[in-house]
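Survey of secondary and tertiary structure
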Amino acid sequence: QVLLVESGGGLVQAGGSLRLSCAAPGWTFSVNMAWYRQAPGEQRELVAIITSGGSIKYADSVKGRFTISKENAENTLYLQMTSLKPEDTAVYYCTAGWTSSASDYWGQGTQVTVSS
């Protein structure tokens, strides 16, 4: 069974920074990985994705503020979030998979709350 373990969420003031981590123990091959988020009453949205080949895409709302990265040897995914805004408040999910949406497997989610 695939396991994705997220950490790093919390409460931060607007303008602050957080780094989310996602460990994928047991993976023995490269896959596409991504971060999604879901705010209360909103649909889940893709925040950033990094393919097995290293290509990266961001949602327009986070470009220039968030950075996705991956440590291939450990299949550990990161999301560095800076200049956080209250509208970034959401549950953030780590995902992995072989499809272009990297959504075959999901972590349990970690709450990020940005206060104004």
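A brief report on the enclosed structure follows. (Residues numbered from 1 in each chain as written. Predicted model: local features only at pLDDT ≥ 70, side-chain atom pairs only at ≥ 80, totals over all residues. Heavy atoms only, no water.)

Now for the sheet that holds strand 8 (residues 76-81). Strand order in the open sheet formed by four strands is 1-3-8-7, and the pairing between neighbours is antiparallel. The open sheet terminates on both sides in strands that have one partner only, identified here as strand 1 (5-7) and strand 7 (66-71). When the angles between neighbouring strand axes are averaged without regard to direction, this sheet yields 15°. (Pairing = 2+ DSSP bridges. Helix = DSSP H or I, 4+ residues; strand = E, 2+ residues; numbered from the N terminus. Axes fitted to C-alpha atoms, helices over the stretch in contact; angles between N-to-C directions.)

By size, the foremost hydrophobic cluster in this structure holds 27 residues, and its most contacted members are M33, W35, L79, M81 and Y92. Elements with a contribution of two residues or more to this core: strand 3 (18-23), strand 4 (32-38), strand 5 (45-50), strand 7, strand 8, strand 9 (90-97) and strand 11 (110-115). Here this core takes four residues from strand 9, the largest share from any one element. The contact partners of L79, leaving out residues within four places of it in the chain, are L18, R19, L20, W35, V47, A48, F66, T67, I68 and Y92. (Core = buried A, V, L, I, M, F, W, Y, C linked by side-chain atoms within 4.5 Å. Buried < 20%, exposed > 50% of the residue type's maximum accessible area, 1.4 Å probe, protein only. Contact = heavy atoms within 4.5 Å.)

Here the focus is the side chain of T95. Inspection of the secondary structure puts T95 in strand 9. Since its relative accessible area comes to 0%, T95 is described here as buried. There is a polar contact of 2.6 Å between the side chain of T95 and the backbone oxygen of A102. Those residues in contact with T95 that sit more than four places away from it in its chain are L4, N32, M33, A34, Y36, S101, A102, S103, Y105 and W106. (Polar contact = N/O pair within 3.5 Å; in protein donor to acceptor, adjacent residues only side chain to side chain.)

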